[in-house]
Amino acid sequence: MLVRTLLSAASWLRKPQAGVPLTDLAWTHMIRFGILGFGLHAAKRLTPGFALARNCRVTALSRRTLDKARESARHFEIPLAFDSSETLCRSPEVDCVFVTTPNSCHLADVLLALKCGKPVLCEKPMGMHADDCRKMVEAARHANLLLGVAQVFRFEESTARLRERVASGQIGRIVFARSEFSFPGGPGHARTWINDPAVAGGGPIADVGVHCIDTLRYILQDEVVRVSARGVQDNVSGQLEAAAALALEFSRGTLGTVLVSFRAEYRTPLEFVGETGVLRAEDGLNVERPITLELRHSGSVVETEQVSNQDAYAKQVDAFAAAVEGKAKFPIPGEEGWKNQEILDAAYRGMKSGRAEAVAKVG
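Just so you know, these numbers come straight off a predicted model, no measurement behind them.

1. Description of the layout of surface pockets
If you add up the space inside the largest pocket, you get close to 1,300 Å³. Forming the walls of the largest pocket are 44 residues, and the residues nearest its centre are Gly 39, Leu 40, His 41, Arg 191 and Trp 193. Looking at the lining of the largest pocket, the elements that each hand over two or more residues are α2 (40-52), α5 (106-115), α9 (204-220) and α10 (312-324). In terms of residues, the lining of the largest pocket owes the most to one element, α2, which gives 4 residues. By volume, the second largest pocket is sized at about 430 Å³.

This is the structure:
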């Protein structure tokens, strides 16, 4: 509380300057993040997460213009504001870098941060193509630096409980697994670049389908070996898909479905159908309100459990901070982002070929 109060006072007394700390507060007991590409996601999701975090804080941000960077820094009481990615990455006030720029920038930004000697947490999807992810992973290995991917839903309580229940055999062998993620992402959406193929690399398959795929992989503790995909376009999406359906074949025989859209109303259900029962969570990936997990037998709900996902973003950055300090391994290393990207690439190949496409293994 004292640190927050003093920082707030310092922010009020002095405007953020490029590369000039607002205060000399002792951040030494906290891992200091610099957020590269501070936009809507950082403002809406990451800063509330950092506010709940226990062992890390944001000390720097960058935006395309210094005026916008200073404005965001003032609003969120962040000490340093930059309009240069390299200056942020080289700042001695930054211990690690969180890359939140648009997808097409991830490769260059991750490589830059690694070159500057900083561990990197990269937003999903990790790259535009699997080869981007390979280059990032190899660069991190060569530099002996930590590289993680921000698949935040692995830190949700609902995801953890479903994983535990599935692993315990509560519903027997899993026959079907389903995940959906849709939201209105058409004209007027704040992230205007999501409909630009040169910047986004894909439509909702890349943007939110990667969350669905990663969550199913994590809960099932299994890998996707083949993907089939169908997508539809409209006058807004252009050459990108506006909605899509994916069929996933897992190595142990489970069949998965992923439905994604930038046109349907917001929803994120998760469902696992086993030989002896069903586990489901309506809006299972939601972080804003309590989630009810249901166990069903013979068509009836026989057990419910309510959980909260509100601290998922805080858990994510605290976990990365612990890994930076060498206290624990980050549970979602860059190799996981690479695996997800291979599945995305296979899905896009399948949309073009009309066939089930094999998923390449990650080395």
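Moving on, there is more to tell.
2. Looking at the confidence of the model for the protein
For the protein, the average pLDDT comes to 92, and 92% of its residues sit at 70 or higher. Low pLDDT, under 50, characterises residues 1-28; the predicted model gives this stretch 45 contacts beyond four residues in sequence or across chains.

3. Focus on the nonpolar core
The biggest cluster of nonpolar side chains holds 100 residues, and the ones touching the most others in it are Phe 33, Phe 50, Phe 98, Val 227, Leu 246, Leu 248 and Phe 272. Of the residues forming this core, the biggest block, 9 residues, is contributed by α9. The contacts of Phe 33, once residues within four sequence positions are left out, are Phe 50, Cys 56, Arg 57, Val 58, Thr 59, Ala 60, Val 94, Cys 96, Phe 98, Val 317, Phe 320 and Ala 321.

4. With respect to the pattern of salt bridges
Enumeration over the complete set of coordinates arrives at 38 salt bridges. Residues Arg 45 and Glu 288 are paired through a salt bridge, measuring 3.1 Å at the closest nitrogen-oxygen approach. Within this pair, whereas Arg 45 is found in helix α2, its partner Glu 288 is found in the loop between β12 (278-281) and β13 (291-297), the two being separated by 243 residues in sequence. Take Arg 45: its relative accessible area is 22%, and that puts it in the partly exposed class.

5. With respect to the sheet that holds strand β5 (residues 120-123)
Strands in a sheet are paired, the pairing made by backbone hydrogen bonds, and the direction either parallel or antiparallel. Taken in spatial order, the 6 strands of this open sheet run β3-β2-β1-β4-β5-β6, and their pairing is parallel. Of all the strands in the sheet, the pair left with one neighbour each is β3 (80-82) and β6 (147-150). Recorded for the sheet is a direction-independent mean angle of 25° between the axes of neighbouring strands. Across 4 bridges, strand β1 (residues 31-36) lies against strand β4 (residues 96-99) in parallel orientation. Following the sheet pairing, Leu 36 is matched in β4 by Val 99. In the packing of α10 onto the sheet, contacts are made with β1, β2 (56-62), β4, β5 and β6, and the angle to β1 comes to roughly 120°.

6. Details of the packing of aromatic side chains
The full count for this structure, using the stated rule, is 9 aromatic pairs. Ring centres 5.4 Å apart and planes at 55° place the aromatic pair Phe 38 and Phe 76 in the tilted group. Residue Phe 38 is found in the loop between β1 and α2, and its partner Phe 76 is found in helix α3 (residues 66-76); the two are separated by 38 residues along the sequence. Residue class for Phe 38 comes out buried when judged on its relative accessible area of 4%. A relative accessible area of 26% means that Phe 76 is categorised as partly exposed. Measuring from ring centre to ring centre gives 5.2 Å for Phe 320 and Phe 330, while their planes differ by 80°; the resulting arrangement is edge-to-face. Of this pair, Phe 320 sits in helix α10 while Phe 330 sits in the loop between α10 and α11 (334-353), and the two are 10 residues apart along the sequence. Side by side, Phe 320 and Phe 330 carry an identical accessibility label, which is buried. These aromatic residues form a ring-pair network of at least three members: Phe 33, Phe 50, Phe 98, Phe 155, Phe 320 and Phe 330. Stacked on the ring of Tyr 218, the Lys or Arg Arg 163 has its end atom at 4.1 Å from the ring centre.

7. Quick look at the sheet that holds β13
The mixed open sheet is built from 9 strands, whose spatial order is β14-β13-β12-β11-β7-β10-β9-β8-β15. Sheet topology places β14 (300-307) and β15 (357-358) at the edges, where each strand pairs with a single neighbour. α9 contacts β7 (174-182), β8 (224-232), β9 (243-250), β10 (255-261) and β11 (270-274) of the sheet and is inclined by roughly 150° relative to β10.

Cut-offs applied
- Residues numbered from 1 in each chain as written.
- Predicted model: local features only at pLDDT ≥ 70, side-chain atom pairs only at ≥ 80, totals over all residues.
- Heavy atoms only, no water.
- 1 Å grid on protein atoms, 1.4 Å probe; cavity = no way out; pocket = protein on both sides within 12 Å on 5 of 7 lines; lining within 4 Å.
- Points joined across faces, edges and corners; volume = space filled by probe spheres on them.
- Helix = DSSP H or I, 4+ residues; strand = E, 2+ residues; numbered from the N terminus.
- pLDDT = per-residue confidence, 0-100.
- Contact = heavy atoms within 4.5 Å.
- Core = buried A, V, L, I, M, F, W, Y, C linked by side-chain atoms within 4.5 Å.
- Buried < 20%, exposed > 50% of the residue type's maximum accessible area, 1.4 Å probe, protein only.
- Salt bridge = Lys/Arg side-chain N within 4 Å of Asp/Glu carboxyl O.
- Pairing = 2+ DSSP bridges.
- Axes fitted to C-alpha atoms, helices over the stretch in contact; angles between N-to-C directions.
- Phe/Tyr/Trp six-rings, centres within 6.5 Å; stacked < 30°, edge-to-face > 60°.
- Lys NZ or Arg CZ within 6 Å of the ring centre and 35° of its normal.

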